[in-house]
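Remarks on the overall topology
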Amino acid sequence: MITRTRLAAGACALLAALTAGLAFPAGAAAGEPTGQDAPKVDLVLDVSGSMRARDIDGQSRMAAAKQAFNEVLDATPEEVELGIRTLGANYPGNDRKTGCKDTAQLYPVGPLDRTEAKTAVATLTPTGWTPIGPALLKAAGDLDGGDGSKRIVLISDGEDTCAPLDPCEVAREIAAKGIGLTIDTLGLVPTAKLSRQLSCIAEATGGTYTSVEHQDELTDRVNQLVDRAADPVVTPVPAEGADRCAGAPTLKSGLYTDREEFGQQRFYRVDVRPGQELRASVSVAADRAVNPGYGVLMRAVTSKGREMVRGEAAGNGRTDVISTGLRYPKPESDDEDAPAEAVCLGVSHSFSAAPGVKTTPGLPLELTVDVVDAPSPAGDVAAFGLGRGWWLLGVLILTGFLAGLVWGWLSRWRVAVWRTN
């Protein structure tokens, strides 16, 4: 009764790939889109000195970005609240400490005034450093509040110059907050090092990374990402699992997100009444370098620790997401007032960090829980796997018996005629 599925990142993205076939209640359950708040997008543009390079369709990277932004602003859906943040746009000096603070909100996130936003973009000139980490932290603050979808689109032509504030670690910290924020990254004429860094940032939040070498590619991709923000999405609800079943949080049907440390086990409680079936799945994403050979285990246990059913899956390093699931039907009871059973879902994984890789925060996991009316008992719809085939089997047996009687009578009659003649 184990269902295995596979999800995509992102993170954010970490993970939709896990929940096919699960039906949520009609009300606004945990993780359901409510449509109350407008989707928000913050475009974060690198305006460092390297953006002067003239290698995108015969024009500078900055000119290509400005042209793309103008077209994107014209095409932005009315329901999307859009803002623009810059990094490296204001400080031209050599003081690293000052340069790594150079990030500013060029246009605030909110209802879009296209003329005003285009005017602000036209003033940009390639200037200074590349403080990607600080810019991501500020951009997350720009999108704070509300329960609508939140997306950062980072466009850069160079890797961060403000270490030790690792932008990949910053992205993991943002994802660990459980605010449903996705970071998509685009690299302009990227080097291998830049591609690795931008890919890491995107994967930490379930976003995507795209390499761009032409102006129309940049325009099309940013337009896609802004349009995607307007699509209805299910935002996972943060849930902090416990290290023991006794202290586990009680979850209802919905989509949840959590973080699990290496070597840790997390427990979540679900109440299942007689005649209901619990369906659950979990995905764990490797948002950093891990050793090959790993697995994930989900168990449904009683409050006293007795295991009732489990789901497990193993990986070998070829994928950065691993998923498993289980189903637990609770039999009907003659007692209409029978209490619900507290089922504990225990989740653990066997990922191990590669040398030199930070182990905190834990790996992101996405948990799907659904409690539905259980299917009819097997005896009502099938018997020994035959179902209504029993009727056909009975007809065949009766037909064979009658055919045997007739054939036997005809045979005896023919023998009697032969003896007479």
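Preceding this paragraph is the structure being described.
Per chain, residue numbering runs from 1 following the sequence as it is written. Reporting of local features is limited, given that this is a predicted model, to residues whose pLDDT is at least 70; pairs of side-chain atoms are given and counted only at 80 or more, and all residues count toward the totals for whole chains, interfaces and linings. The basis for every side-chain value is the complete set of heavy atoms in the structure, and neither hydrogens nor water enter the calculation.

**Digging into unusual backbone geometry**
Selection rule: Counting from the N terminus, the helices are DSSP H or I runs at least four residues long and the strands are E runs at least two residues long. Throughout, exposure labels follow a simple rule: accessible area from a 1.4 Å probe, protein chains only, divided by the maximum for the residue type, with under 20% read as buried, over 50% as exposed, and the rest as partly exposed.
The residue after T360, namely P361, is reached through a cis peptide bond having omega -10 degrees. Considering the arrangement of structural elements, one finds P361 in the loop between β14 (341-349) and β15 (363-373). Backbone geometry places V189, a non-glycine residue, at a positive phi of 45 degrees. Tracing the backbone shows V189 in the loop between β5 (181-188) and α6 (192-204). Residue class for V189 comes out partly exposed when judged on its relative accessible area of 26%.

**Regarding the sheet that holds strand β9 (residues 265-272)**
Cut-off, in case you're wondering: Pairing between strands is defined by DSSP: at least two bridges between them are needed. Fitting a line to C-alpha atoms yields each axis, with helices limited to the stretch in contact; the angle taken between N-to-C directions then spans 0 to 180 degrees.
If you trace the four strands from one edge of the open sheet to the other, you get β9-β14-β11-β12, paired in antiparallel fashion. Here the strands that pair on one side only, and so sit at the sheet edges, are β9 and β12 (307-315). Mean inter-strand twist for the sheet, computed between neighbouring axes without regard to direction, equals 15 degrees. As paired elements, strand β11 (residues 294-301) and β12 share eight bridges and run antiparallel to each other. Across the sheet, residue V296 finds its bridge partner in β12, namely A313.

**Describing the sheet that holds strand β13 (residues 321-329)**
Sheet architecture is open: five strands sit in the order β7-β8-β15-β10-β13, paired in mixed fashion. Of all the strands in the sheet, the pair left with one neighbour each is β7 (237-238) and β13. Note that strand β8 (residues 254-260) and β15 share seven bridges and pair antiparallel. Looking at the pairing, Y256 lines up with L367 of β15.

**Section: the side chain of E169**
Condition: By the criterion applied in these results, polar contacts are pairs of N or O atoms within 3.5 Å in which, for protein atoms, one can donate a hydrogen and the other can accept it, and in which residues neighboring in sequence qualify only through two side-chain atoms. Whether two residues are in contact is decided by their heavy atoms: any pair within 4.5 Å suffices.
Tracing the backbone through its elements, the reader meets E169 in helix α5 (residues 167-176). A polar atom in the side chain of E169 sits 2.5 Å from the side chain of R172. E169 has contacts with K358 and T360, leaving out every residue within four places of it along the chain.

**A few points about the nonpolar core**
It is characteristic of soluble globular proteins that their nonpolar side chains tend to be buried jointly. The line we're drawing: We call a set of buried residues a nonpolar core when its members are Ala, Val, Leu, Ile, Met, Phe, Trp, Tyr or Cys and they connect through side-chain atoms within 4.5 Å of each other.
Judged by nonpolar contacts, the single largest core of 31 residues is most densely connected at L43, L45, I155, L186, L218, V222 and V226. The set of elements that each furnish at least two residues to this core consists of β1 (40-46), α1 (61-75), β2 (81-87), α3 (114-122), β4 (150-156), β5 and α7 (215-230). Looking at this core element by element, the count peaks at seven residues for α1. If you look at the next biggest cluster of nonpolar residues, it comprises 28 residues, including A300, A313, F351 and L367.

**Let's talk about the pattern of salt bridges**
Put simply, the test is: Any carboxyl oxygen of Asp or Glu that lies within 4 Å of a side-chain nitrogen of Lys or Arg is treated as forming a salt bridge with it.
Under the counting rule described, the total for this entry stands at 17 salt bridges. A salt bridge links R299 to E307, with the shortest nitrogen-to-oxygen separation between them at 3.4 Å. One network of salt bridges, in which partners are shared, links R299, E307, R310 and E312.

**Things to note about the packing of helix α4 (residues 132-142) against α5**
Angle between the axes and distance between the axes: these two values describe a pair of packed helices. As a reminder, the rule being used: Put simply, angles under 35 degrees are roughly parallel, angles over 145 are roughly antiparallel, angles from 65 to 115 are roughly perpendicular, and the rest are oblique. In this scheme the crossing of two helices becomes right-handed for a clockwise turn of the near helix relative to the far one and left-handed for an anticlockwise turn of less than a right angle. Note on residue categories: nonpolar means Ala, Val, Leu, Ile, Met, Phe, Trp, Tyr, Cys or Pro, charged means Asp, Glu, Lys or Arg, and polar means any other residue, Gly included.
Axis separation between α4 and α5 bottoms out at 8 Å; the angle between their running directions is 20 degrees. The pairing of α4 with α5 is recorded here as roughly parallel in orientation. Crossing of α4 over α5 shows right-handed handedness. Note on element contacts: α5 touches α4 through P167, V170 and I174, opposite I132, G133, L136, L137 and A140. Split into classes, the residues belonging to the contact of α4 with α5 amount to seven nonpolar, one polar and no charged.

**Some remarks on the side chain of K40**
We count it as follows: Residues scored as charged are limited to Lys and Arg (positive) and Asp and Glu (negative), so that His and the chain ends carry no count.
By secondary structure assignment, the location of K40 is in strand β1. Summary of buried charges: K40 has no salt-bridge partner, and the nearest side chain of opposite charge, E81, is 4.6 Å away. Ignoring sequence-local partners within four residues, the contact set of K40 consists of E81, V109, L143, D144, G145, S149, K150 and R151.

**Looking at a nonpolar patch on the surface**
The line we're drawing: Like-charged residues within 9 Å of one another, or nonpolar side chains (Val, Leu, Ile, Met, Phe, Trp, Tyr) within 5 Å, are grouped into patches, provided each residue has over 30% relative accessible area and no salt bridge. Only the protein chains shown count as cover for residues, and the accessible areas themselves come from Shrake-Rupley with a 1.4 Å probe.
A cluster of nonpolar side chains, namely V406, W407, W409, L410, W413 and V417, defines an oily patch on the protein surface of about 680 Å² accessible area. Inspection of the secondary structure assignment puts V406 in helix α9 (residues 389-420). Using a relative accessible area of 48% as the deciding quantity, one classes V406 as partly exposed.

**Some points on the pairing of β2**
Remember that side chains alternate between the two faces of the sheet whenever the strand is regular. Going by this rule: We call a crossover right-handed when, viewed with both strands directed away from the observer, the connection leading from the first strand over the helix to the second proceeds clockwise.
Buried residues dominate β2, accounting for six of its seven residues. A crossover links β1 with its parallel partner β2, the connecting element being α1, and its sense is right-handed. In this sheet, strand β3 (residues 103-110) lies alongside β2 in antiparallel orientation, the contact comprising five bridges. The partner of L82 across the bridge, within β3, is G110.

**Brief notes about the state of the cysteines**
We apply this condition: In what follows, a disulfide is any cysteine sulfur pair within 2.5 Å.
With the rule as written, the count across this model stands at three disulfides. A disulfide bridge connects C245 with C344, and the sulfur atoms are separated by 1.8 Å. Taking the sign of the S-S torsion, about 70 degrees here, the bridge from C245 to C344 comes out right-handed. You can see C245 sitting in the loop between β7 and β8 and its partner C344 sitting in strand β14, a full 99 residues away along the chain. No difference in accessibility class separates C245 from C344, as the two residues are buried. Numbered by position along the chain, the disulfide-linked cysteines of the protein connect as 1-2, 3-4, 5-6.

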